[in-house]
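Residue-level listing of the chains:
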Amino acid sequence: MGFGDIFYIFAFMLFALMTFVIIRNYFRSKFDDEGRRKDMSEMQDDSRSS
């Protein structure tokens, strides 16, 4: 394997890792620890108080 092949494999693995981390952080910011959406819980709390 040449240098180009090794660089291509490394770049692909880095791209896959970065994509995974970005998606994981996006979903962590949208959901709480119990799996409920954070933005929907605020709406439910408002409707319960009225």
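For the structure given in this document, a descriptive report is provided here. Predicted model only: the values in this text are computed from it and were never measured.

The grouping of F3, F7, F10, L14, L17, M18, F20 and I22 at the surface amounts to a nonpolar patch, some 940 Å² of accessible area in total. The topology assignment puts I22 in helix α1 (residues 3–30).

Looking at where R28 falls in the secondary structure, it is placed in helix α1. The class of R28 is exposed, set by a relative accessible area of 55%. Through-space distance from the C-alpha of R28 to that of K38 is 9.9 Å; in sequence the pair is ten residues apart.

What counts, and where the lines are drawn
Residues numbered from 1 in each chain as written. Predicted model: local features only at pLDDT ≥ 70, side-chain atom pairs only at ≥ 80, totals over all residues. Heavy atoms only, no water. Patch = residues over 30% accessible without salt bridge, like charges linked within 9 Å, V, L, I, M, F, W, Y side chains within 5 Å. Areas by Shrake-Rupley, 256 points an atom, 1.4 Å probe, with all protein chains shown as cover. Salt bridge = Lys/Arg side-chain N within 4 Å of Asp/Glu carboxyl O. Helix = DSSP H or I, 4+ residues; strand = E, 2+ residues; numbered from the N terminus. Buried < 20%, exposed > 50% of the residue type's maximum accessible area, 1.4 Å probe, protein only.

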